[in-house]
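An overview of the molecular structure
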Amino acid sequence: MTMAADRIRAIAGDVTIDAALVLGSGLSALGDTLADRIAIPYAELEGFPRSGGVSGHGRDLLLGTLAGKRIAVLTGREHYYEHGNPSAMRPAIETVAALGARTLLLTNSAGSLKPENGPGSLMLIADHINYNGLNPLIGEPTDRRFVNMTNAYDPALRERSVELAARLGIQLNQGVYLWYSGPSFETPAEIRMAIRLGADAVGMSTVPEVIIARMLGLRVLACSSITNMGAGLSDETLSHEHTKTMAVTGAEKLKALIPALVEAL
Ligand code: HPA
């Protein structure tokens with residue numbers, strides 16, 4: 001039990017959850033669909049993100065029911081680029097694991113490297129490239145740090161997700177997500193490099209969270225909402241405002257898809 005998990009149980013009763021969901025930029029409204037919702041501000045929870053946060057991100061832990069499952073929703077994340085801490089999300093992820101979550105569903109906004117997967121499309125992350133040379137498990141003193149990252153993005157969950165999305169008429173692409181630290185966007189040269197390295201999308205989050213989740217034995221499913229083409233691949237001007245505006249289309253699709261995914265867990 002983490003201290004935050006004890007606190008959550010003191011506030012919300014003897015909660016047990018099946019899964020947890022992390023919401024990315026511009027996606028925090030997805031939490032509105034929870035039934036029997038209890039919101040606990042991160043400020044009350046030991047180890048949870050403390051910063052002013054990033055606009056477009058929420059700052060509450062939500063507990064509630066979705067598609068018949070008890071879930072926790074982390075309405076915002078702390079990114080590496082905020083304070084330079086790659087393990088910033090570890091206490092929050094340990095807490096949802098301590099509350100019983102077996103699966104972590106992560107969402108983010110990302111820039112696409114593939115012309116056929118443009119803004120408004122969704123990309124299930126099939127694998128990642130940790131381009132930062134950073135790792136949230138540096139300093140972890142136990143042998144748990146040697147996490148196997150093969151099939152980190154659960155193949156069975158991905159297969160099921162693609163089927164469920166197709167039934168809802170939502171195209172779900174799959175690809176490799178490359179983590180750049182941000183907060184500046186990439187240069188066109190960095191985007192060309194990412195393409196050569198085999199990436200399909202780039203973003204500033206998620207990878208450290210997945211490494212932590214896998215150490216804790218959680219099954220992981222992660223989906224990027226594509227808000228833009230990578231720098232230099234189109235004539236859009238990249239900005240955080242643009243990301244938040246463009247996150248809306250992907251968020252609508254995710255809003256339709258997530259209950260089906262949660263039901264299928
Ligand atoms: N690069 C990095 N992170 C992002 C992007 C991008 O183009 N779009 C949304 N998040």
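Whatever comes next refers back to the structure up there.
Right, let's walk through the structure included here. (Residues numbered from 1 in each chain as written. Predicted model: local features only at pLDDT ≥ 70, side-chain atom pairs only at ≥ 80, totals over all residues. Heavy atoms only, no water.)

Here we look at the environment of Ala98
Mapped onto the elements, Ala98 comes out in helix α3 (residues 90-98). The residues touching Ala98, leaving out its near neighbours within four places in the chain, are Met1, Thr2, Ala5 and Arg9. (Helix = DSSP H or I, 4+ residues; strand = E, 2+ residues; numbered from the N terminus. Contact = heavy atoms within 4.5 Å.)

A short note on the nonpolar core
Counting 45 residues, the largest nonpolar core has Ile8, Phe48, Leu61, Leu63, Leu74, Leu104 and Tyr153 as the members making the most contacts within it. A total of six residues in this core trace back to one element, the largest contributor, which is helix α6 (residues 207-215). Apart from the residues lying within four places of it in its own chain, the contact partners of Leu61 are Ile8, Ile38, Ala39, Ile40, Tyr42, Leu45, Phe48, Ala72, Val73 and Leu74. In terms of nonpolar packing, the next biggest core, distinct from the first, is built from 27 residues, Leu124, Leu157, Leu164 and Leu221 among them. (Core = buried A, V, L, I, M, F, W, Y, C linked by side-chain atoms within 4.5 Å. Buried < 20%, exposed > 50% of the residue type's maximum accessible area, 1.4 Å probe, protein only.)

Things to note about the side chain of Thr75
Inspection of the secondary structure assignment puts Thr75 in the loop between β4 (69-74) and α2 (80-83). With a relative accessible area of 6%, Thr75 lands in the buried category. Here Asp60 takes part through its backbone oxygen, which lies 2.8 Å from a polar atom of the side chain of Thr75. (Polar contact = N/O pair within 3.5 Å; in protein donor to acceptor, adjacent residues only side chain to side chain.)

Regarding helix α1 (residues 3-12)
By the burial criterion, the buried members of α1 are Ala4, Ala5, Ile8 and Ala12. For α1, the arc enclosing every buried residue in end-on projection is 100 degrees, short of the 170-degree limit, so these residues lie on one face. Across from the buried face of α1, at angles greater than 90 degrees, the exposed residues are Met3 and Ala10. Looking at the buried residues of α1, the elements they touch are β2 (35-41), β3 (60-66) and α3. Directly after α1, the chain includes Gly13, whose backbone phi takes a positive value near 90 degrees. (Arc of directions from axis to C-beta.)

Let's talk about the site of the ligand
Neighbouring the ligand are Ser109, Ala110, Gly111, Phe185, Glu186, Val202, Gly203, Met204, Thr227 and Asn228. Backbone polar atom of Ser109 to a nitrogen atom of the ligand: 3.3 Å apart, as the coordinates give it. Between the ligand and Gly111 there is a distance of 3.4 Å, counted from a nitrogen atom to a backbone nitrogen or oxygen. Coverage of the ligand by the protein chains reaches 96% of its 260 Å² of free accessible surface. When residues of the shell around the ligand are traced back to their parent elements, those giving at least two are β5 (103-112), β8 (201-203) and β9 (219-229). Take the shell around the ligand: its biggest share by element is three residues, from β5. Partitioned by chemical class, the residues of the shell around the ligand number four nonpolar, five polar and one charged. (Near = heavy atom within 4 Å. Areas by Shrake-Rupley, 256 points an atom, 1.4 Å probe, with all protein chains shown as cover. Nonpolar A, V, L, I, M, F, W, Y, C, P; charged D, E, K, R; others polar.)

Things to note about the side chain of Arg158
Here Arg158 lies in helix α4 (residues 155-167). Among all residues touching Arg158, those that are not within four sequence positions of it are Leu124, Ile125, Ala126, Tyr153, Gln174 and Leu221.

Overview of the environment of Met246
Looking at the element boundaries, Met246 is found in helix α7 (residues 240-264). A residue is classified by how much of its surface remains accessible, and Met246, at 25% relative accessible area, is partly exposed. With 107 residues separating them along the chain, Met246 and Gly139 place their C-alpha atoms 37 Å apart. If sequence neighbours within four positions are ignored, Met246 has contacts with Pro119 and Thr227.

Take it as geometry only, folks, not as evidence of what the structure does.
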